[in-house]
Amino acid sequence: MSKHITVRNRSGTISLLVDKKAVSVIALLFCSSLLLFVIGLSVGSTMINPLLTIQHLLGMGDGEHSFVLETLRLPRMILSFLAGICLGVSGLILQGVVRNPLASPDIIGITGGGAVAAVLFITYFSEYSIKFLPFVAIIGAGVVSLFIYVLAWKKGVTPIRLVLIGIGVQAAMGALVTMLMVLSPTYSTSEAYIWLTGSVYGANWTNVYSLLPWVLIFVPLTLILSRKVNLQELGDDLGLGLGSKVQFTRFGLICISVSLAGAAVAFAGGIGFVGLIAPHIARKLVGRSFGSLVPVTSLVGGIIVVLADIVARTAFLPLDLPAGVFVSGMGAPFFIYLLYKNRNI
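Residues numbered from 1 in each chain as written. Predicted model: local features only at pLDDT ≥ 70, side-chain atom pairs only at ≥ 80, totals over all residues. Heavy atoms only, no water.

## Notes on helix H5 (residues 133-152)
Worth spelling out the cut-off: The helix count covers DSSP runs of H or I at least four residues long, the strand count covers runs of E at least two residues long, and both are numbered beginning at the N terminus. A helix is expected to reach a length of 1.5 Å times the quantity of its residues less one. Remark: exposure states derive from per-residue accessible area (1.4 Å probe, protein chains only) relative to the maximum for the residue type, with buried under 20%, exposed over 50%, and partly exposed in between. Of all possible arcs, the one meant is that of the directions from the helix axis to the C-beta atoms.
Given a rise of 1.5 Å per residue, 20 residues ought to cover 28 Å, and the 29 Å separating the end C-alpha atoms of H5 matches this to within 8%. Here H5 has its buried residues at Leu 133, Pro 134, Ala 137, Ile 138, Gly 140, Ala 141, Val 144, Ser 145, Ile 148, Tyr 149 and Ala 152. Buried residues in H5, looked at end-on, bunch into an arc of 165°, giving them a common side. Turned more than 90 degrees from where H5 packs its buried face, Phe 135, Ile 139, Val 143 and Val 150 sit exposed.

## What about the side chain of Arg 313?
Test applied: In this tally, Asp and Glu contribute negative charge and Lys and Arg positive charge; neither His nor the terminal groups of the chain are included. A pair is scored as a salt bridge if a Lys or Arg side-chain nitrogen falls within 4 Å of a carboxyl oxygen belonging to Asp or Glu. In protein, a polar contact requires one atom able to donate a hydrogen and another able to accept it; more generally it is a pair of N or O atoms within 3.5 Å, and residues adjacent in sequence count only if both atoms are side-chain atoms. Here, two residues are considered to be in contact whenever any of their heavy atoms come within 4.5 Å of each other.
When you line up the elements, Arg 313 lands in helix H13 (residues 290-314). Here Arg 313 sits buried without a salt bridge, and the closest side chain of opposite charge, Asp 309, lies 4.1 Å off (N-O distance). A polar contact of 2.9 Å, which involves the side chain of Arg 313, links it to the backbone oxygen of Val 43. Discounting residues that sit within four places of it in the chain, Arg 313 has contacts with Gly 40, Leu 41, Val 43, Gly 44, Arg 73, Arg 76, Met 77, Leu 319 and Asp 320.

## Some points on unusual backbone geometry
Look at the link from Leu 317 to Pro 318: it is a cis peptide, with omega at 10°. Residue placement: Pro 318 occurs in the loop between H13 and helix H14 (323-341). You will see that Phe 273, though not glycine, has its phi angle at about 75°, which is positive. With relative accessibility at 17%, the residue Phe 273 sits in the buried group.

Structure below.
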């Protein structure tokens, strides 16, 4: 149910359309996120009473668990949440622009570009500071995405060409990554494999502060451009008829998607399927209005990665597994379901 709210100011009257269902879902997901954070901060090799965790977060703790909570667990969980937001919104943009429910940054080649660049860096430039790895991964994702866009261009870029070429490029990137890992020394192969699987192990506050600006800039920008995405979903001809600069808008939205996916891959590794799953869950919750989908997808994506990381580091103690293993465990069956569901499209 939607409700019109009229706001009067000096310049006149502004009518706002508020989706009450979306607001309720966002509030519920936000509360679920807070609960998940408390649980995640409390469990692990060192178990902490959830009440003590809440007291510490509110600044009323005795400092006994400061190192575990503030240095080891909290930055890791925040980084997981931010990476999930980036991947979820990136996938949402692609599905809106490409008009294909199977589109996501890890399926059409965006994360593949970041993976190749990262493995190259780990294998042949390991003498340089690991701090450069995020920037290398973002550049790799951007270059490959531009390559895909150029290959798909023929008097404009149609969604179907973009998807087909992206899938082909993703396959090529996967083969290139495998070849690099086979040819690389053993010590760098294991490091690259862990990164490719998707892990936030060893996350620190520097990583959080580096990823946060990408979220604060590009997610609100996506929300601002939500009407443009709604027009994109109507088709090129109708979009042009309504005055939308279809190709320019499509390129801009894809740039935002690449930036978000590249940033997430840079700091959290090759976590797949979040960009595919989160938008579909969000649509089930609030419908197809893109303005409502952006915040809901953000929260759903963050919850998926945080939940996967909690399970990854607690299910097989003392082993700390990559979160991407568990996300893929959920994502692969869901992808097969989507293929089956859309087999006649």
